[in-house]
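Coordinate inspection notes
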Amino acid sequence: LALSLLQDMLKFNCHKRIPVEGALEHPYLKDLHDTEDEPVAAKFFEYHYGDEKMTKYQMKEIIYGEVVDMHPELAPNLEIIKQQH
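Note that the structure is predicted; figures quoted are calculated from it, not measured.

What counts and how
- Residues numbered from 1 in each chain as written.
- Predicted model: local features only at pLDDT ≥ 70, side-chain atom pairs only at ≥ 80, totals over all residues.
- Heavy atoms only, no water.
- Helix = DSSP H or I, 4+ residues; strand = E, 2+ residues; numbered from the N terminus.
- Rg over C-alpha atoms; globule rule 2.2 N^0.38 Å.
- Buried < 20%, exposed > 50% of the residue type's maximum accessible area, 1.4 Å probe, protein only.
- Lys, Arg positive; Asp, Glu negative; His and termini not counted.
- Charge placed at Lys NZ, Arg CZ, Asp CG, Glu CD.
- Contact = heavy atoms within 4.5 Å.
- Patch = residues over 30% accessible without salt bridge, like charges linked within 9 Å, V, L, I, M, F, W, Y side chains within 5 Å.
- Areas by Shrake-Rupley, 256 points an atom, 1.4 Å probe, with all protein chains shown as cover.
- Salt bridge = Lys/Arg side-chain N within 4 Å of Asp/Glu carboxyl O.
- Axes fitted to C-alpha atoms, helices over the stretch in contact; angles between N-to-C directions.
- Parallel < 35°, antiparallel > 145°, perpendicular 65-115°, else oblique.
- Nonpolar A, V, L, I, M, F, W, Y, C, P; charged D, E, K, R; others polar.

1. Topic: the overall build of the protein chain
Looking only at helices and strands, the protein chain features four helices and zero strands. Helices and strands in the protein chain line up, N terminus first, as α-α-α-α. In terms of overall dimensions, the protein chain is more spread out than a globule: its C-alpha atoms have a radius of gyration of 17 Å, far above the 12 Å expected for 85 residues. Across its three principal directions, the C-alpha atoms of the protein chain cover 45 × 30 × 30 Å. Per-residue burial over the protein chain gives 9% buried out of 85 residues. Of the side chains in the protein chain, 9 bear a positive and 16 a negative charge, and the two mean positions are spaced by 12 Å.

2. Some thoughts on the side chain of H26
Within the secondary structure, H26 sits in the loop between α2 (20–24) and α3 (56–70). Of the residues examined, H26 reaches a relative accessible area of 8% and is grouped as buried. With residues near it in sequence (within four places) discarded, H26 still touches L1, S4, L5 and D8.

3. Structural notes on a nonpolar patch on the surface
On the surface, L3, L6, M9 and L10 cluster together into a nonpolar patch covering about 420 Å² of accessible area. When you line up the elements, L3 lands in helix α1 (residues 2–9).

4. A word on the packing of α3 against helix α4 (residues 75–83)
The geometry of α3 relative to α4 is characterised by a closest axis approach of 10 Å and an angle of 175° between their N-to-C directions. In this view, α3 runs roughly antiparallel relative to α4, as classed from their interaxial angle. Contact residues: α3 offers K60, E61, Y64, G65 and V68, while α4 offers A75, N77, L78, I81 and K82. When its residues are assigned to classes, the contact of α3 with α4 shows five nonpolar, two polar and three charged.

5. Examining the environment of Q83
Summarising the element assignment, Q83 is placed in helix α4. Note on Q83: relative accessible area 64%, which makes it exposed. C-alpha separation for the pair Q83 and L29, spaced 54 residues apart in sequence, amounts to 41 Å.

And the structure:
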């Protein structure tokens, strides 16, 4: 079941990708699914990430920066990445 959900979530074509509601209702998450504790946004969330052309190194730096936000202990590695380009 986990692989089924993962395959549905990682489809490259966003029109074929499982929507959030569908993922939350997937059998793999049935023990965690709670409609009372799954708020829905009041307005549409616009995400413009990737609208501009980026180099491989710029993309790498952005992704790693997101990781460092959650794991500050990895910050020294971000400096190494920045020096690579």
